[in-house]
Structures are given as C-alpha cells and as structure tokens.
Amino acid sequence: DHSTETRLIDFIYSQGGSLIISSHRGSALKRCDEILILEEGRIIDRGPYEALALRYPELAYGAS
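Residues numbered from 1 in each chain as written. Predicted model: local features only at pLDDT ≥ 70, side-chain atom pairs only at ≥ 80, totals over all residues. Heavy atoms only, no water.

Participant: Requested: an account of the overall build of the chain, with residues and values cited.
Facilitator: In terms of helices and strands, the chain carries three helices and two strands. Counting from the amino terminus, the chain carries its helices and strands in the arrangement α-β-β-α-α. Along the longest, intermediate and shortest principal axes, the C-alpha atoms of the chain span 30 × 25 × 20 Å. Out of the 64 residues belonging to the chain, those deemed buried represent 25%. (Helix = DSSP H or I, 4+ residues; strand = E, 2+ residues; numbered from the N terminus. Buried < 20%, exposed > 50% of the residue type's maximum accessible area, 1.4 Å probe, protein only.)

Participant: For the nonpolar core, give the residues involved together with the corresponding values.
Facilitator: Side chains of nonpolar character tend, in soluble globular proteins, to be buried together. By size, the foremost hydrophobic cluster in this structure holds nine residues: Leu29, Cys32, Ile35, Ile37, Tyr49, Leu52, Ala53, Tyr56 and Leu59. Elements represented by at least two residues in this core include exactly β1 (35–39) and α2 (49–55). In terms of residue count, α2 provides more of this core than any other element does, three residues in total. Not counting residues within four places of it along the chain, the set of residues in contact with Ile35 comprises Leu29, Asp45, Arg46, Gly47, Tyr49 and Leu52. (Core = buried A, V, L, I, M, F, W, Y, C linked by side-chain atoms within 4.5 Å. Contact = heavy atoms within 4.5 Å.)

Participant: Tell me what's going on with the side chain of Asp45, and back it up with residues and numbers.
Facilitator: Following the sequence through the fold, Asp45 ends up in strand β2 (residues 42–47). In this structure, Asp45 is in contact with Ile35, Leu36, Ile37, Leu52, Arg55 and Tyr56, ignoring residues within four places of it in sequence.

Participant: Give a description of the layout of surface pockets that names residues and reports values.
Facilitator: Leftover empty space is mapped by rolling, across the atoms, a probe with the size of a water molecule. Counted as a void, the largest pocket has a volume near 810 Å³. Residue lining of the largest pocket: 24 residues in total, with Ile21, Ser23, Leu29, Ile35 and Leu36 positioned closest to the centre. Elements supplying a minimum of two residues to the lining of the largest pocket: α1 (2–14), β1 and α3 (57–60). Ranked by the residues each element gives to the lining of the largest pocket, the list is headed by β1, at four residues. (1 Å grid on protein atoms, 1.4 Å probe; cavity = no way out; pocket = protein on both sides within 12 Å on 5 of 7 lines; lining within 4 Å. Points joined across faces, edges and corners; volume = space filled by probe spheres on them.)

Here you go:
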C-alpha cells in the first residue's frame, strides 16, 4: 500500500549512499536524482523526474 511504500522509501533514503530502484510507480521515483526509462531492455531516455514526467505523463499519473 502507499503508506508502507512511503515509510520504506523514507527509511532507505535516510540511510544515505546510493540506491537503485526498479519500479512502475512514479511516486517511488520522485526523489531519484536520475531515472532511466527502459524499453525491451534498452535505455530509451534518462533524466530527473520533473523532466521525464513532462515527456511521459503515465510516470506522473498517480504519483503523490
């Protein structure tokens, strides 16, 4: 659920260091420094959440 996801991500970020997240949920990606968009195993786009959300509206859908 969303509440558990938020608490878990907050905890992971509080630990510092590097983190790799694989997710279809935009809300899990909002705090990432860089996001890679993959298609059939290849990187087709990359950038910060704000820029990618403009190009991929489905990324922002449901993100809170």
